[in-house]
Amino acid sequence: MVSAYVRSGRFHDAINCFYLFLLTSGVRPDSYSFPSVLKACGNLVDGKKMHCWVLKLGFEWDVFVAASLVHMYSRFGFLSAARKLFNNMPVRDMGSWNAMISGFCQNGNAAEALEVLDEMRLEGVKMDPVTVSSLLAVCSQSDDSLSGMLIHLYVIKHGLECDLFVSNALINMYAKFGSLGNAQRVFDQMEVRDVVSWNSIIAAYEQNDNPIIALGLFNKMQLIEIQPDLLTAVSLASIVAQLSDCQSGRSVHGFIVRRGWLMEDVVIGNAIVDMYAKLGAIDSARTVFEGLPVKDAISWNSLITGYAQNGLASEAIEVYRMMEEHKEIIPNQGTWVSILPAYSHVGALQQGMRIHGRVIKNSLYLDVFVGTCLVDMYGKCGRLDDALSLFYHIPRMSSVPWNAVISCLGIHGHGEKALKIFNEMLVEGVKPDHVTFVSLLSACSHSGLVDEGQWCFRMMQEEYGIKPSLKHYGCMVDLLGRAGRLEMAYNFIKNMPIQPDASVWGALLGACRIHGNYELSTFASDRLFEVEPENVGYYVLLSNIYANVGKWEDLDKVRSLARNRGLRKTPGWSSIEVNNKVDVFYTGNQTHPKCEEIYNELKVLTTKMKSLGYIPDLSFVLQDVEDDEKEHILTSHSERLAIAFGIISTPLKSTIRIFKNLRVCGDCHNATKFISRITEREIIVRDSNRFHHFKDGICSCGDYW
DNA sequence: CCTTTAAGCG
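What counts, and at which threshold
Residues numbered from 1 in each chain as written. Chains lettered and ligands numbered in written order. Predicted model: local features only at pLDDT ≥ 70, side-chain atom pairs only at ≥ 80, totals over all residues. Heavy atoms only, no water. Near = heavy atom within 4 Å. Polar contact = N/O pair within 3.5 Å; in protein donor to acceptor, adjacent residues only side chain to side chain. Nonpolar A, V, L, I, M, F, W, Y, C, P; charged D, E, K, R; others polar. UniProt positions renumbered as here; feature names shortened; annotations may be inferred. Helix = DSSP H or I, 4+ residues; strand = E, 2+ residues; numbered from the N terminus. Buried < 20%, exposed > 50% of the residue type's maximum accessible area, 1.4 Å probe, protein only. Arc of directions from axis to C-beta. Contact = heavy atoms within 4.5 Å. Salt bridge = Lys/Arg side-chain N within 4 Å of Asp/Glu carboxyl O. Pairing = 2+ DSSP bridges. Right-handed = clockwise from strand over helix to strand, strands pointing away. Axes fitted to C-alpha atoms, helices over the stretch in contact; angles between N-to-C directions. Parallel < 35°, antiparallel > 145°, perpendicular 65-115°, else oblique. Left-handed = near helix turned anticlockwise from the far one by under 90°.

## Looking at the protein's contact with DNA strand B
And step 1. Taken together, 43 residues lie around DNA strand B, and Gln106, Gln207, Asn301, Asn332 and Val400 are the ones closest in.
And step 2. For DNA strand B, the fraction of protein-proximal atoms (within 4 Å) that sit in sugar or phosphate groups is 45%.
And step 3. Asp265 has a polar side-chain atom sitting 3.4 Å from a base nitrogen of DNA strand B.
And step 4. Measuring from a base nitrogen of DNA strand B, one finds a side-chain N or O atom of Asn270 at 2.9 Å.
And step 5. Residue composition of the surface near DNA strand B, by class: 16 nonpolar, 22 polar and five charged.

## A few points about the UniProt feature "repeat: PPR" (unreviewed entry) in chain A
And step 1. Following the UniProt record, one finds the feature "repeat: PPR" (unreviewed entry) at residues 93–127, 194–228, 296–326, 398–432 and 433–468.
And step 2. The distance from the first to the last C-alpha atom of residues 194–228 is 10 Å, and the span holds 74% helix and 0% strand.
And step 3. Along residues 433–468, the helical share is 75% and the strand share 0%, with 11 Å between the first and last C-alpha atoms.

## Looking at helix H25 (residues 384–391)
And step 1. Listing the buried residues of H25 in full gives Leu384, Ala387, Leu388, Leu390 and Phe391. For H25, the angular spread of buried residues about the axis comes to 165 degrees, placing them on one side.
And step 2. Summarising the contacts, the buried residues of H25 are in contact with helix H23 (349–361), helix H24 (368–380), helix H26 (399–411) and helix H27 (415–427).

## Regarding the pattern of salt bridges
And step 1. Per the stated rule, a full pass over the model turns up 18 salt bridges.
And step 2. In this structure, the salt-bridge partner of Arg396 is Glu428, at a minimum N-O distance of 3.1 Å. Residue Arg396 is found in the loop between H25 and H26, and its partner Glu428 is found in the loop between H27 and helix H28 (434–447); the two are separated by 32 residues along the sequence.
And step 3. Residue Arg396 is classed as partly exposed on the basis of its relative accessible area of 21%.
And step 4. On the accessibility criterion, Glu428 (39% relative accessible area) is partly exposed.
And step 5. Residue Lys653 pairs with Glu680 through a salt bridge whose shortest N-O separation is 3.4 Å.

## Examining the environment of Ser503
And step 1. Within the secondary structure, Ser503 sits in helix H32 (residues 502–515).
And step 2. A relative accessible area of 35% places Ser503 in the partly exposed class.
And step 3. Each residue touching Ser503, except ones within four places of it in the same chain, is listed here: Leu470 and Tyr538.

## Looking at the pairing of strand E4 (residues 683–686)
Where a strand is regular, its side chains alternate between the two sheet faces.
And step 1. Every second residue of E4 is oriented toward a common face, with Ile683 and Val685 on one face and Ile684 and Arg686 on the other, all of them buried.
And step 2. In terms of strand pairing, strand E3 (residues 656–660) meets E4 through four bridges, oriented parallel. The partner of Ile658 across the bridge, within E4, is Val685.
And step 3. Each parallel crossover has a hand, and the one from E3 via helix H39 (residues 666–679) to E4 is right-handed.
And step 4. Relative to strand E5 (residues 691–695), E4 is paired through four bridges, and the arrangement is antiparallel.

## So, the packing of H23 against H24
Each pair of packed helices can be summarised by the angle the axes make with each other and by the distance between the axes.
And step 1. With their axes 10 Å apart at the nearest point, H23 and H24 run at an angle of 155 degrees to one another. On the basis of their axis angle, the class for H23 and H24 is roughly antiparallel. In this structure, the crossing between H23 and H24 has a hand that is left-handed. For the pair H23 and H24, the contacting residues are Leu349, Gly352, Met353, His356 and Val359 in the first and Val370, Leu374, Met377 and Tyr378 in the second.
And step 2. Taken together, the residues that form the contact of H23 with H24 break down as seven nonpolar, two polar and no charged.

## Quick look at the environment of Tyr205
And step 1. Locating Tyr205 in the fold gives a position in helix H13 (residues 195–207).
And step 2. By relative accessible area, Tyr205 is classed as buried at 8%.
And step 3. It is 34 Å that separates the C-alpha atoms of Tyr205 and Met476, two residues lying 271 residues apart in sequence.
And step 4. Beyond its immediate chain neighbours, meaning those up to four positions away, Tyr205 contacts Leu180, Gln184, Asn210, Pro211, Ile213, Ala214 and Leu217.

## Digging into the sheet that holds strand E2 (residues 581–586)
And step 1. If you walk across this open sheet you meet the six strands as E2-E1-E3-E4-E5-E6, and the pairing is mixed. Because the sheet does not close on itself, it has two edges, and the strands there are E2 and strand E6 (698–699).
And step 2. Sheet analysis places E5 next to E6, joined by two bridges and oriented antiparallel. Within the sheet, the bridge partner assigned to Phe694 lies in E6 and is Cys699.
And step 3. The sheet contacts of H23 involve strand E1 (573–578), E2 and E3, and relative to E1 the element is tilted by about 50 degrees.

Written out as structure tokens, the structure is:
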């Protein structure tokens, strides 16, 4: 009975059953029941108590029972207790060694496990399939490919390859290391394969971004009538998400529901939540999440990430708030990595800093993922200095934190500094990847560093053998175009070895907007509407160009073109965080509780601005209306409402941080310069493109934007 | 008695 409970994972029931038996029946347990119940204890916590019972009933000389105790203690990481028992063992068989080693392996304690292994070798005891399987698992967990390969050599030398467990462990290990060839070779050599073998090889391809081969293997597995289990389904969910196959997603969901697995195991539920989120069906993800009988931290993390990745940052923040209300759910590293990007996205600095505090409390501040998210958060919330000093305190062996800090410097317009940090990266021996160069090129383009950008683009290909992607090309067009070299940018596009996409033509069109090139903008927009006719942003951009040069008929044409395609202008909004709360303003907003005060403040400001020489630039208004009306439209732009709200709601002369979902309008940019001078405040505006730091009537970007 | 496969995040 006890062992039946253990096999089905009901450890509490196993232990309770054992105690009931012990205390009521008066019959001595035998040497078979103790090992089972000790295994249950190893999965929970009260092993000490059970150890007492072993001693009380005189079972400590039983080899099996003693080995179980050793395993339990080494699994908890109680080195000395395990060792003491081990040294006192009457007989040391293979099982005792394995008990000790596997305990450490299951604990993730690779170093200890390998130490015991050395000892075992010194005593002339050879590894058996059990030892090997345990060790291979821990090598893959701890990324120790060297030890893993050595063990594989041992396996070949001693003919252990034919063992099912050993082969399965090898497939898993090679999958973890990304060597799919080796994993496949082991799989092909196997004479007998069980469901674990199939799951392992399917997961190998699925986890290494090869969903098509993974799916093929799944079909093969069904053909030879191996029944898929829960773990197969977990891989399957990820496969269909990678293939963005919504319909198959629904089938996988149905398959799992029919088998009742969704109610049985939280892991598969989480996998389905993640699958729907990745397929963009965030509402389905929410529904599955709500229906889960048990939710753990990963369930919550998956939903938060799902919202954040679908661009729904406020929903992600709301879900995190709900998660905090469930005291029994303890947020972990994954939670911070899910929620921090959402805070970055809306500029919720104060809330992000609260997370920073918790991260330090949980000693997770040295985690590369969390550290990178924090750097990104500080950078994107306008605290560049904090982002930089934090960067130097987190591990930076991989390119990931470097990419984040370079990108932050770029959006703040510090191109030179970004290049300097890139140089530091090379000096420290960190290899740049394709993301590094996207960050770097965009940093150059924001700062007008044309030559440096071209140098980076060449170096990327010649020294690092990275083939430029559309993102890189887009950055280059932006770099040349912004700097006014429109002809060069256009020739650059013509010479591209791959088909330019909308982002590339969009960069050219954006440059035309800045430099007012009517002819080229017409040409660029024609190409643009061929490849991406449904992006409303480009119609607005083109309207801006036409309005600027007074081509009202052309503007009307663009408008009706967009209208005929059923497109509506993305509403502009700006947000500001005051007292841990994010307020959002839409252009022309009349519903905010402080609405009247905001418009009054703007009226007062505008008068002062005009006396200092501010002239509204009416060319930024797309509507063909009277000048008075145009001026009013400019004044009610969302960024201006947010700034005015900031002025009346925060202490005098304190810094104001604004977020805008689209690009800041040129007139608002000019106006903010005046406002910063009048109110003696630093005003930091982050728009969809970059940061603008306004202070004493000037902007850090030097109007290069 | 001791052995293999699990979901989220840059």
